[in-house]
Amino acid sequence: MSLISQSGALYSGVFSYCLPSFKSYYFSGSLKLGPVGQPKNIQTTPLLKNPHRPSLYYVNLTGVIVGGVQIPIAPEYLTFNPTTGAGTIIDSGTVVTRFVQPIYYAIRDELVKHVKGPFTTIGVFDTCFDATAEAQAPLITLHFEGLSMTLPMENSFLHTSAGNRACLAIAPVPNNVNSGMNVIANLQQQNHRILFDVINSRLGIAREACN
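The chain has the name Peptidase A1 domain-containing protein in an unreviewed UniProt entry, where Hibiscus trionum is given as its organism.

Structure below.
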């Protein structure tokens, strides 16, 4: 049904997009179809195929680092399982990155060691704090097989409209049919070139100013 699936043969199964920051004035990202003009030296990670959910792009998330600290994560929360749908997907249609609850709470618990509270909840975000404390917030790095992605601050934190509160822009997975699936969403992908090479089963990520 999608543009990508219909044009896959024409463009050798290769495409990429670059999503602009939500702060961008013109909101002018880009979509590139085919291998021509794609970045040459880009770190890649294997794309994993789930025959039960062929429209999803699974990758192998191997770990998360917060402020230089490796978050303790039991392997079962990261392992790709095509039968249950568990694992990690890259998805441009989801706004907020969500991790299964044990991973999310481990990330949050390390984060709050670096940032001064008190902490409050706003909507789906339960780690909101005075925006002046954001300067002490640690960087978050996502490790995939063969690829690391360190999130800039604007990809990690959102501010309230008044600007006086900052929230960790990551949430726990709700208790639903996808409760075992981690989703790397579009807020965290902004200002990155996300390259899909479906034929060769690989996904690349590179920093790029998308606006």
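Digging into the pairing of strand β14 (residues 165-168)
Side chains Arg165 and Cys167 project from β14 onto one buried face, and the interleaved Ala166 and Leu168 project onto a second face that is buried too. Pairing geometry for strand β10 (residues 125-130) and β14, over three bridges, is antiparallel. Bridge pairing links Phe129 to Ala166 in β14. By the bridge criterion, three bridges tie strand β13 (residues 157-159) to β14 in an arrangement that is antiparallel. For Leu158, the partnering residue across the bridge sits in β14 and is Cys167. The turn joining β13 and β14, which pair antiparallel and follow one another in sequence, is formed by five residues; a positive phi near 85 degrees is taken by Gly163.

A word on the packing of aromatic side chains
A full pass over the atoms with the stated rule returns eight aromatic pairs. Both rings, one in Tyr57 and one in Phe196, keep their centres 4.6 Å apart while their planes meet at 55 degrees; by these two values the pair is tilted. Highlighted residues: Tyr57 in strand β4 (residues 57-59) and Phe196 in strand β17 (residues 192-197), separated in sequence by 139 residues. Residue classification places Tyr57 among the partly exposed residues on the basis of a relative accessible area of 24%. For Phe196, a relative accessible area of 1% puts it in the buried group. Geometrically, the ring pair formed by Tyr104 and Tyr105 is edge-to-face, given 5.2 Å between the ring centres and 70 degrees between the ring planes. Residue class for Tyr104 comes out buried when judged on its relative accessible area of 0%. Classification of Tyr105 as partly exposed rests on a relative accessible area of 30%. Of the aromatic side chains, those joined through ring pairs into one cluster are Phe15, Tyr17, Tyr57 and Phe196.

So, the sheet that holds strand β9 (residues 120-122)
In any sheet, the strands associate via hydrogen bonds between backbone groups, in a parallel or an antiparallel arrangement. Strand order in the open sheet formed by four strands is β9-β10-β14-β13, with antiparallel pairing between adjacent strands. Each edge of the open sheet is held by one strand with a lone partner, namely β9 and β13. Between one strand axis and the next, the sheet turns through 40 degrees on average, direction left out of account. Docked against the sheet, helix α2 (residues 101-111) engages β10, β13 and β14, running at close to 10 degrees with respect to β10.

Topic: the pattern of salt bridges
All chains considered together, the criterion is met by five salt bridges. Measuring nitrogen to oxygen at the nearest pair gives 3.5 Å for the salt bridge that ties Arg108 to Asp109. By relative accessible area, which is 39% here, Asp109 ends up partly exposed. Several salt bridges share partner residues, and in doing so they unite Arg108, Asp109 and Asp126 into one network.

Notes on the sheet that holds strand β12 (residues 147-151)
Read across the open sheet, the four strands follow the order β6-β5-β11-β12; overall the sheet is antiparallel. Looking along the sheet, the strands with just one partner apiece sit at the ends: β6 (69-70) and β12.

Describing α2
Buried residues of α2: Ile103, Tyr104, Ala106, Ile107, Glu110 and Leu111, and no others. One face of α2 carries all of its buried residues, which in axial projection span an arc of 165 degrees.

Quick notes on the rules
Residues numbered from 1 in each chain as written. Predicted model: local features only at pLDDT ≥ 70, side-chain atom pairs only at ≥ 80, totals over all residues. Heavy atoms only, no water. Buried < 20%, exposed > 50% of the residue type's maximum accessible area, 1.4 Å probe, protein only. Helix = DSSP H or I, 4+ residues; strand = E, 2+ residues; numbered from the N terminus. Pairing = 2+ DSSP bridges. Phe/Tyr/Trp six-rings, centres within 6.5 Å; stacked < 30°, edge-to-face > 60°. Axes fitted to C-alpha atoms, helices over the stretch in contact; angles between N-to-C directions. Contact = heavy atoms within 4.5 Å. Salt bridge = Lys/Arg side-chain N within 4 Å of Asp/Glu carboxyl O. Arc of directions from axis to C-beta.

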